[in-house]
Amino acid sequence: MKKNKKPEDFMRLAIELSRQNVVNGGGPFAAVIVKDGEVVASGCNQVTTAKDPTAHAEVVAIRNACAALDDFQLHGCELYTSCEPCPMCLGAIYWARPEKVYYANSKEDAAAIDFDDQFIYEELDRPLSQRKLPMVRLLANEAIAAFRDWQNKSDKVEY
């Protein structure tokens with residue numbers, strides 16, 4: 001795409017990719033990552049086709065963009081996604097650190113077609129002891145050694 005493209009042009013690409021993904025057997029989600037007015041990478045939902053529950057469009061696009069940019073963060077990038085990110089994708093987006101996120105469909109639109117992530121948002125607000133998925137802490141006094149190793153490492157790459 002040319003550098004004089006507008007945000008709507010990149011969003012239209014994400015929407016078109018989401019529609020193509022439905023035709024190809026995937027979920028109705030796609031994402032495009034842009035830097036300096038150029039598409040760096042894209043990704044479509046591959047949860048059922050790759051048999052990977054983490055293969056949401058945004059995560060796939062982030063992985064592809066980081067590989068293309070040879071970096072673990074997306075500084076200076078914008079992410080265009082066909083739907084408001086779910087909690088998992090939102091976490092990945094924050095870790096990737098793009099400059100801005102644009103989305104088309106809302107989480108309410110997704111819920112209307114049975115992609116309802118509201119229960120995850122609600123679970124995150126509950127204390128660990130009240131979550132539906134049991135969370136049991138084990139061997140914390142042993143695991144802390146890895147954190148100490150990291151803290152004392154002089155040549156670590158911070159992120």
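Report follows, based on the coordinates. (Residues numbered from 1 in each chain as written. Predicted model: local features only at pLDDT ≥ 70, side-chain atom pairs only at ≥ 80, totals over all residues. Heavy atoms only, no water.)

1. A word on the environment of Gln46
Okay, step 1: By secondary structure assignment, the location of Gln46 is in the loop between strand S2 (38–44) and helix H2 (57–69).
Okay, step 2: Residue classification places Gln46 among the partly exposed positions, given a relative accessible area of 32%.
Okay, step 3: Apart from the residues lying within four places of it in its own chain, the contact partners of Gln46 are Lys51, Asp52, Ala55 and Val60. (Helix = DSSP H or I, 4+ residues; strand = E, 2+ residues; numbered from the N terminus. Buried < 20%, exposed > 50% of the residue type's maximum accessible area, 1.4 Å probe, protein only. Contact = heavy atoms within 4.5 Å.)

2. Considerations on a nonpolar patch on the surface
Okay, step 1: A cluster of nonpolar side chains, namely Phe72, Trp95, Trp150, Val157 and Tyr159, defines an oily patch on the protein surface of about 620 Å² accessible area.
Okay, step 2: Along the polypeptide, Val157 turns up in the segment after helix H6 (140–152).
Okay, step 3: Owing to a relative accessible area of 54%, Val157 belongs among the exposed residues under this scheme. (Patch = residues over 30% accessible without salt bridge, like charges linked within 9 Å, V, L, I, M, F, W, Y side chains within 5 Å. Areas by Shrake-Rupley, 256 points an atom, 1.4 Å probe, with all protein chains shown as cover. Salt bridge = Lys/Arg side-chain N within 4 Å of Asp/Glu carboxyl O.)

3. Examining the packing of aromatic side chains
Okay, step 1: Taken as a whole and judged by the stated rule, the model has six aromatic pairs.
Okay, step 2: Measuring from centroid to centroid gives 5.4 Å for Phe10 and Tyr80, while their planes differ by 45°, and the two rings are tilted. Here Tyr80 lies in strand S3 (residues 77–83) and Phe10 lies in helix H1 (residues 7–23), a separation of 70 residues in the sequence.
Okay, step 3: Judged by its relative accessible area of 1%, Tyr80 falls in the buried class.
Okay, step 4: Lys107 extends its terminal NZ or CZ atom over the ring of Tyr121, reaching a point 4.4 Å from the ring centre. (Phe/Tyr/Trp six-rings, centres within 6.5 Å; stacked < 30°, edge-to-face > 60°. Lys NZ or Arg CZ within 6 Å of the ring centre and 35° of its normal.)

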